[in-house]
Every structure is written in structure tokens, then in C-alpha cells.
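Coordinates in review
In case you want the letters, here they are:
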Amino acid sequence: MDNTNNKNKVYSRSDKSKVVLSDEEWKKVLPEDVYYIARQKGTERPWSSKYEKFSDVGTYYCAACGNPLFRSDTKFESGCGWPSFYEPVTKGSIIYAPDNTAGMERTEVMCGRCKSHLGHVFEDGPPPTGLRYCINGVVLDFEKAAAADKKFKEENKNG
């Protein structure tokens, strides 16, 4: 998502201040698919995310506010149908809440900056954390790591 020309004035990859908008304000600034998941706690269809089999090196951000969420080196193939990570960028980048909907006991994960719904965390992930953050790809933005991108371009400029 390119938020540079977007009407979403709260989107920033450097501002760490908390974002509090009314539901109507969110509806005006977010694309419909992002709004549905981020603000209405929706879920995208499994295996529909462009990030499910994505392996570029970089950082994943909240599509609603730009908060850094996960690094690509913590992403793993879980087979669950959604992008999965074993650790957030920082402890404060994610907040947690009990979720007892759909007849299950789960832990919801939300953006630590804007409280957008991201997905759920489960205790069946790989070492070192043993956690699996199962995240809706619609609510993720990705920025390729500059060093990795530079190296790739240098290695492929003569090919």
C-alpha cells in the first residue's frame, strides 16, 4: 500500500504516538478491505494473502497506521494459510486481548499504536519463542530492507 498520496494522515513509519480515531474517521481513511479486518475484526480467506509465500527481506508494518510489527527474519511457513511470525519487532508493537468468539479461546493481537486487529497468536510456533503470530496479510505493509535491495541490484545488474 502506498500511503504517501493517501488521505490517511496518521500513517507514519516513524511516529510512535498512539492513534485514536473514531470509527467514522477510520472508515474515511482506510481501504474497505483493510477497514473490515483492522476495525471490524474480520479475517481474510486462508491462502489469499500476497504475503503468505512472500520471502523478501525487510519489515512488515501496520497498514492502518505504519507501526513496525514484524521483521522478515521472524517469518516462517506454518501451513495455516496466513502469514506467520514467531516474534514482533518490539514488545510494544503488539498488544494482546482475550478472544472467546467462534467458540474458541484465543489471544487476539492488535497493533500497539492504533489497536487495529491483526490476527491471533498461538503457542505452537518454532523456537526461540514457541509462538505463532497468525496475521491477516491485508493489514500488513512491507518495506524491503535497503541493504538487501542494494545487494540484489548489484548482483543482478550484469545479468
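Heads up: these notes are all about the structure in this document. (Residues numbered from 1 in each chain as written. Predicted model: local features only at pLDDT ≥ 70, side-chain atom pairs only at ≥ 80, totals over all residues. Heavy atoms only, no water.)

So, the overall build of the chain
- What the chain contains, in helices and strands, is 3 helices and 9 strands.
- The linear arrangement of helices and strands in the chain, starting from the amino end, is α-α-β-β-β-β-β-β-β-β-β-α.
- Counting the 159 residues in the chain, one finds 45% classified as buried.
- Summarising the internal contacts of the chain: among those between residues at least 6 apart in sequence, 56% fall at separations of at least 24.
- Accessible surface computed for the chain: about 9100 Å², of which carbon and sulfur atoms make up 51%. (Helix = DSSP H or I, 4+ residues; strand = E, 2+ residues; numbered from the N terminus. Buried < 20%, exposed > 50% of the residue type's maximum accessible area, 1.4 Å probe, protein only. Contact = heavy atoms within 4.5 Å. Areas by Shrake-Rupley, 256 points an atom, 1.4 Å probe, with all protein chains shown as cover.)

Focus: the sheet that holds strand β3 (residues 75-76)
- Strand order across the open sheet formed by 6 strands is β3-β4-β8-β7-β6-β5, with antiparallel pairing between neighbours. This sheet does not close on itself; its edge strands, each paired only once, are β3 and β5 (94-99).
- Bridge count between strand β4 (residues 84-85) and strand β8 (residues 132-135): 2 bridges; the pairing is antiparallel. Looking at β8, one finds that Phe85 is bridged to Tyr133. (Pairing = 2+ DSSP bridges.)

Remarks on the state of the cysteines
- Under the defined criterion, the tally for this structure stands at 0 disulfides.
- In this model Cys80 remains outside any disulfide bridge; the closest cysteine sulfur is found in Cys134, 3.4 Å from its own.
- Between Cys111, a free cysteine, and Cys65, which holds the nearest cysteine sulfur, the sulfur-to-sulfur gap is 3.5 Å. (Disulfide = S-S within 2.5 Å.)

A short note on the side chain of Ser93
- As for its placement among the helices and strands, Ser93 is situated in the loop between β4 and β5.
- A relative accessible area of 3% places Ser93 in the buried class.
- When sequence neighbours within four positions are dropped, the list of residues in contact with Ser93 reads Asn67, Pro68, Leu69, Pro88, Met110, Cys111 and Gly112.

Thoughts on the sheet that holds strand β2 (residues 68-71)
- With antiparallel pairing, the 3 strands of this open sheet are ordered in space as β2-β1-β9. Each edge of the open sheet carries a strand with a single partner, namely β2 and β9 (140-144). Put simply, the sheet's adjacent strands are angled 30° from each other on average, direction ignored.
- Inspection of the sheet shows strand β1 (residues 58-62) paired to β2 by 3 bridges, in the antiparallel sense. Note on β2: the bridge partner recorded for Thr59 is Arg71. (Axes fitted to C-alpha atoms, helices over the stretch in contact; angles between N-to-C directions.)

Focus: the nonpolar core
- If you look at the biggest cluster of nonpolar residues, it comprises 29 residues, and the most contacted ones within it are Trp26, Leu69, Phe70, Cys114, Tyr133 and Ile135.
- When contributions to this core are tallied by element, the ones reaching two or more residues are α1 (23-29), α2 (32-40), β1, β2, β6 (106-111), β7 (117-122), β8 and β9.
- The greatest single-element share of this core, amounting to 4 residues, is contributed by α2.
- With residues up to four places along the chain from it excluded, the contact list for Trp26 reads Val10, Val19, Leu21, Tyr35, Arg39, Ala64 and Cys114. (Core = buried A, V, L, I, M, F, W, Y, C linked by side-chain atoms within 4.5 Å.)

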